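Report on the structure
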Amino acid sequence: MSETPSRQTVFQGKVLDVGLEEHLMPDGRSVTFEIIRHPGGAAVLPLLEDGRILLIRQFRPAVGRVIYEIPAGRLEPGEPAGDCAARELTEEAGYVASELLPLGGCWSTVGFCDEYIHLFLARGLSVVPRCLEPDEFIELCPMPLADALRLVASGAIDDSKTQLALLRYQLLVRELDNDRFA
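Structure report, in brief.

What counts and what doesn't
Residue indices begin from 1 for each chain and proceed along its sequence in written order. Under the rules for a predicted model, residues below a pLDDT of 70 receive no local features and side-chain atom pairs below 80 are neither given nor counted, while totals for whole chains, interfaces and linings still include all residues. Each side-chain value is derived from all of the structure's non-hydrogen atoms; neither hydrogens nor water enter the calculation. Geometry of aromatic contacts follows a simple scheme: Phe, Tyr and Trp rings, the Trp one being its six-membered ring, pair when their centres are within 6.5 Å, and the pair is stacked under 30 degrees between planes, edge-to-face over 60, tilted otherwise. Geometrically, a lysine NZ or arginine CZ counts as sitting over a ring once it is within 6 Å of the ring centre and also within 35 degrees of the ring normal. Here a strand pair is declared whenever DSSP counts at least two bridges between the two strands. Per the convention used, a helix needs a DSSP run of H or I reaching at least four residues, while a strand needs a run of E reaching at least two, with both numbered from the N terminus. Axis angles are defined between N-to-C directions and span 0 to 180 degrees, where every axis is a line fitted to C-alpha atoms and, for a helix, only to the segment in contact. A contact between two residues is defined here by any heavy atoms of the two lying within 4.5 Å. Throughout this description, the term salt bridge denotes a Lys or Arg side-chain nitrogen within 4 Å of a carboxyl oxygen of Asp or Glu. Residue exposure (1.4 Å probe, protein chains only): buried if accessible area is under 20% of the type maximum, exposed if over 50%, otherwise partly exposed. N or O atoms within 3.5 Å of each other form a polar contact, as long as, within protein, one can give a hydrogen and the other can take it, and as long as residues adjacent in sequence are counted only when both atoms are side-chain atoms.

**A look at the packing of aromatic side chains**
Scanning the entire structure with this criterion turns up 1 aromatic pair. When the centroid spacing of 4.9 Å and the interplanar angle of 75° are considered together, the rings of Trp-107 and Tyr-116 count as edge-to-face. Between Arg-57 and the ring centre of Tyr-68, over which it is positioned, the NZ or CZ distance is 5.2 Å.

**Quick notes on the sheet that holds strand 6 (residues 65–69)**
Ordered by their spatial adjacency, 3 strands build an open sheet running 6-5-10, and the pairing between neighbours is antiparallel. Edge positions in the sheet fall to strand 6 and strand 10 (138–143), since each of these pairs with one other strand and no more. Going from strand to strand, the sheet's axes swing by 25° on average, the running direction of each strand aside. The pairing of strand 5 (residues 53–60) with strand 10 spans 6 bridges and is antiparallel. In the sheet register, Ile-53 faces strand 10, and the bridge partner there is Met-143. Contacting strand 5, strand 6 and strand 10, helix 2 (residues 145–154) crosses the sheet at an angle of about 115° to strand 10.

**As for the pattern of salt bridges**
Note on pairing: side chains with opposite charge can pair once their charged atoms come close. Applying the stated criterion across every chain, the model contains 14 salt bridges. Arg-52 is the salt-bridge partner of Asp-50, the closest N and O atoms lying 2.7 Å from each other. A salt bridge links Arg-65 to Asp-158; its shortest N-O distance comes to 2.4 Å. On the criterion of sequence distance, the pair formed by Arg-65 in strand 6 and Asp-158 in the loop between helix 2 and helix 3 (160–181) is long-range, its members being 93 residues apart. Residue classification places Arg-65 among the partly exposed residues on the basis of a relative accessible area of 36%. Salt bridges sharing common partners tie together Arg-7, Glu-21, Arg-37 and Asp-114.

**Topic: the environment of Arg-7**
You can see Arg-7 is positioned in strand 1 (residues 6–12). Taking relative accessible area as the criterion, Arg-7 reaches 32% and is therefore assigned partly exposed. Arg-7 sits 26 residues away from Phe-33 along the chain, and the two C-alpha atoms are 9.5 Å apart. Once residues lying within four places of it in the same chain are set aside, the contact partners of Arg-7 are Asp-17, Val-18, Gly-19, Leu-20, Glu-21, Ile-35 and Arg-37. Within the structure, Arg-7 has its side chain in polar contact with the side chain of Glu-21 (distance 2.3 Å).

**Examining the environment of Val-31**
With respect to the element layout, Val-31 can be found in strand 3 (residues 30–37). Its relative accessible area of 23% is what places Val-31 among the partly exposed residues. Between the C-alpha atom of Val-31 and that of Glu-21, which follows or precedes it by 10 residues, the distance is 8.1 Å. Setting aside its immediate chain neighbours within four residues, Val-31 contacts Glu-21, Glu-22, His-23 and Met-25.

**Looking at the side chain of Gln-58**
Mapped onto the secondary structure, Gln-58 falls in strand 5. If we ignore the near neighbours within four places in the chain, the residues touching Gln-58 are Arg-65, Val-66, Ile-67, Glu-69, Glu-92, Glu-136, Phe-137 and Ile-138.

**Side note on the pairing of strand 6**
The sheet contact formed by strand 5 and strand 6 spans 5 bridges and is antiparallel. Each residue of the ladder has a partner; that of Arg-60, found in strand 6, is Arg-65. Linking strand 5 back to strand 6 in an antiparallel pair, the connection comprises 4 residues, with Gly-64 at a positive phi of about 70°.

**Remarks on the sheet that holds strand 4 (residues 41–46)**
A sheet is described by the order of its strands in space; here 4 strands give the open sequence 7-4-9-8, paired in mixed fashion. In this open sheet, the two strands that pair with only one neighbour each are strand 7 (72–74) and strand 8 (95–107). Taken over all neighbouring pairs, the strand axes of this sheet differ in orientation by 25° on average, direction set aside. Pairing analysis gives 3 bridges linking strand 4 to strand 7, with the strands arranged antiparallel. Within strand 7, the position partnered with Ala-43 by the bridge is Ala-72.

Right under this line is the structure:
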């Protein structure tokens, strides 16, 4: 990460901060960037007992429509990513998991934002009451992994964290299958 000689915060909100930052480039030039600072997040791909995965469909005002995605949320100050994933799994999907397995993570939009999303696979699910926030509209959408991958291929799933979680899970399944037959 480059050294940040100066930062002027132009907006400070409850979800993110926007600032003008001056950074030294590798060649020594000083350049000003508009940067969004975000605490990061966690997202979780729930694996149901019958082998299906659980996606949600949620209204997202930023894009003006309902989209397929996996349960996800913003990290609270000092909150471990796994705790955030577990919290969002309960709040948005109505499940607790006996096991959360890391699936890696991703920078959401590195051109202007430092949000890093930690990805998890949730197994050993038990049903609990959902606890939706007042601004959430969420529909549960269980489906086989193959159906979800077809939705990615068709463009119906265009949320990046969800695409990556599905890919990472598919690679994990293939690896386990290869180990079984090796």
